[in-house]
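As a plain string of letters, each chain reads:
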Amino acid sequence: MTARAIYPARRAVEHAVTVPGVRPARLFPVSWPLWEVEVTANVYDEQAYEVIDRFLARALKERDIGTRDGLVAFFGLEPALVDRCLAFLAVIGHLTVDRHGEVRLTELGLRSVRAKVRYTPKESRQRVLIERFTGRPLPGRYHRGSLTVLPSPNVPQEMLEDRARFLPLFAPTVFQQRMVDDLAARPDRADYNLPAQLREIKGIAVRDVYLPTYLIETSDRSLLAYTDAGSGRDDFMEAACRDVPTIRVRIDTVDRVKPRELWTEWLADRKLGPGRLQELPNAVWRVILAPEAFSGPPKLPLSRVGSFQLRNHHFLQLWCDDARLRHRAALERVLGMARLYAVRTRADLADRAAVLAVQLEVAVPTFTELRAHAVGERMYDHLGHLDMLE
């Protein structure tokens, strides 16, 4: 089975450089430690009472009859029939019968009598994620099946769309059952993947997992966070960064370099032809290349126009002043977006195309242009995905 690629670092950078008033400086891919807790709980189906079961339960509550013999006498029923009914109600947790024949309704039994329905418990298993530095539960958006958490801090190479190297973060904390108990007691627990209808919640298994996370340091030393839990900044992880000083300490141990020297050396190594380095007003570095630099292997593919090169925790925007080339790049990248699982409708694609057009400083590609480009370049698979959008 092919491993699913994780959220790429370049996408995080592409968003960060558009944040108003922010001057992004360095990128840190990190493996953020979490606990994945399997919990078991009871969920109650609402069923209609059998006639005798209902009257037996009501008699226990309303007539204060507390024995098996008292129920037999009160209803004039065969003792064997009463025994069978009591045994069933005991199995589903509605009452208890001791060896002396004394019968007591449980809390579940009382609740059922009041509601006039027979609540039948079924076991439910849920998965919750807990952040290990703070012990806080992660919101429901982190529990989507498409979000990748890993059993190890090491991200397999086949899951990377770029060459990001992930720093492992170490949290010296120990899991405690009270974390699950505290979550179960919260009135908003449904927002954290614990539905409100669950009862008797218990954690039964815990394992360490890691969430690929991108931290982007700004010129004022604040941290932006990005994960695959959303399309923009991750406010939950950013709050954790502010509350956990060791994250800042870990980043400060990484030596700083001079961007101009770093990218001058990179440009010389790549042999992409003449290139001019430029620092943009938001402190992001850009290299302006000739159109010939984007002609495919051994040079850069067209799709790299306007994207970012990563190196030593820094990033460089690859640029070309030829607007027609950038427009072609926009067409190909938007056609690639049409293949993404998250893009289901034309509106989804149009939203992404608008963001890309701003990044590339071109007009937003129309669907007519996209279809014509796909046909002209024989990108028939891309065309099929485009036509399937709702």
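Refer to the structure above for everything that follows.
Attention in this report is confined to the structure presented alongside it. (Residues numbered from 1 in each chain as written. Predicted model: local features only at pLDDT ≥ 70, side-chain atom pairs only at ≥ 80, totals over all residues. Heavy atoms only, no water.)

For the protein, the helix and strand inventory stands at 13 helices and eleven strands. Taking 21 Å as the expected radius of gyration for a compact globule of 390 residues, we find that the protein reaches 30 Å, considerably beyond that expectation. When burial is assessed residue by residue, the protein has 46% of its 390 residues classed as buried. Considering only residue pairs separated by 6 or more positions, the protein has 71% of its internal contacts joining residues 24 or more positions apart. A total of about 20500 Å² of accessible surface is found on the protein, and carbon and sulfur atoms cover 52% of it. Taken as two groups, the 57 positive and 51 negative side-chain charges of the protein have centres that lie 3 Å from each other. (Helix = DSSP H or I, 4+ residues; strand = E, 2+ residues; numbered from the N terminus. Rg over C-alpha atoms; globule rule 2.2 N^0.38 Å. Buried < 20%, exposed > 50% of the residue type's maximum accessible area, 1.4 Å probe, protein only. Contact = heavy atoms within 4.5 Å. Areas by Shrake-Rupley, 256 points an atom, 1.4 Å probe, with all protein chains shown as cover. Lys, Arg positive; Asp, Glu negative; His and termini not counted. Charge placed at Lys NZ, Arg CZ, Asp CG, Glu CD.)

Read from one edge to the other, the open sheet built from four strands follows the order β8-β9-β11-β10, with strand pairing classed as mixed. A strand with exactly one partner marks an edge of an open sheet, and here the two such strands are β8 (275-279) and β10 (308-311). Direction aside, neighbouring strands of the sheet carry axes that sit 30 degrees apart on average. With five bridges connecting them, strand β9 (residues 285-289) and strand β11 (residues 314-320) associate as parallel partners. (Pairing = 2+ DSSP bridges. Axes fitted to C-alpha atoms, helices over the stretch in contact; angles between N-to-C directions.)

For the rest of this paragraph, the subject is the packing of aromatic side chains. Under the definition given, this model contains eight aromatic pairs. On the numbers, 5.9 Å between centres and 85 degrees between planes, the contact of tryptophan 263 with tryptophan 266 is edge-to-face. Here the residue tryptophan 263 and the residue tryptophan 266 both occupy positions in helix α9 (residues 259-270), the gap between them amounting to three residues, near one helical turn. Overall, tryptophan 266 belongs to the buried group, its relative accessible area being 3%. Put simply, the rings of Tyr7, Phe166 and Tyr214 pair up and form one aromatic cluster. Here the basic side chain of arginine 111 rests over the ring of tyrosine 119, its NZ or CZ set 5.0 Å away from the ring centre. If you follow arginine 346 out to its NZ or CZ, it ends over the ring of phenylalanine 367, 4.4 Å from the centre. (Phe/Tyr/Trp six-rings, centres within 6.5 Å; stacked < 30°, edge-to-face > 60°. Lys NZ or Arg CZ within 6 Å of the ring centre and 35° of its normal.)

For the rest of this paragraph, the subject is helix α1 (residues 9-16). The element α1 is largely enclosed, with a buried count of six among its eight residues. If you check which residues of α1 are buried, you get Ala9, Arg10, Ala12, Val13, Glu14 and Ala16.

For any two helices packed against each other, the geometry comes down to the angle between their axes and how far apart the axes lie. Between helix α10 (residues 323-337) and helix α11 (residues 346-360), the shortest axis-to-axis distance is 10 Å and the interhelical angle comes to 150 degrees. With respect to each other, α10 and α11 are oriented roughly antiparallel. Here the hand of the crossing between α10 and α11 comes out right-handed. Here Arg326, Ala329, Ala330, Arg333, Val334 and Met337 of α10 come into contact with α11, specifically with Leu349, Arg352, Ala353, Leu356, Gln359 and Leu360. Here the residues of the contact of α10 with α11 sort into eight nonpolar, one polar and three charged. (Parallel < 35°, antiparallel > 145°, perpendicular 65-115°, else oblique. Left-handed = near helix turned anticlockwise from the far one by under 90°. Nonpolar A, V, L, I, M, F, W, Y, C, P; charged D, E, K, R; others polar.)

At a minimum axis distance of 10 Å, the contact between helix α2 (residues 51-62) and helix α5 (residues 107-115) shows a crossing angle of 105 degrees. For the element pair α2 / α5, the angle class is roughly perpendicular. Of α5, the residues touching α2 (which contributes Ala57, Arg58 and Lys61) are Leu110, Val113 and Arg114. The residue makeup of the contact of α2 with α5, split by class, is three nonpolar, no polar and three charged.

This part takes up the environment of threonine 213. With respect to the helices and strands, the residue threonine 213 is situated in strand β6 (residues 198-218). Given the relative accessible area of 0%, threonine 213 is considered buried. Separated by 14 residues in sequence, threonine 213 and threonine 227 place their C-alpha atoms 5.0 Å apart. At 3.0 Å, the side chain of threonine 213 and the backbone oxygen of leucine 211 are in polar contact. (Polar contact = N/O pair within 3.5 Å; in protein donor to acceptor, adjacent residues only side chain to side chain.)

Turning next to the pattern of salt bridges. Enumeration over the complete set of coordinates arrives at 27 salt bridges. Between aspartate 69 and arginine 68 there is a salt bridge; the shortest N-O distance is 2.8 Å. The salt bridge involving glutamate 107 is made with arginine 114; its shortest N-O contact spans 4.0 Å. A relative accessible area of 53% places arginine 114 in the exposed class. (Salt bridge = Lys/Arg side-chain N within 4 Å of Asp/Glu carboxyl O.)

That is the geometry; function is a separate question.
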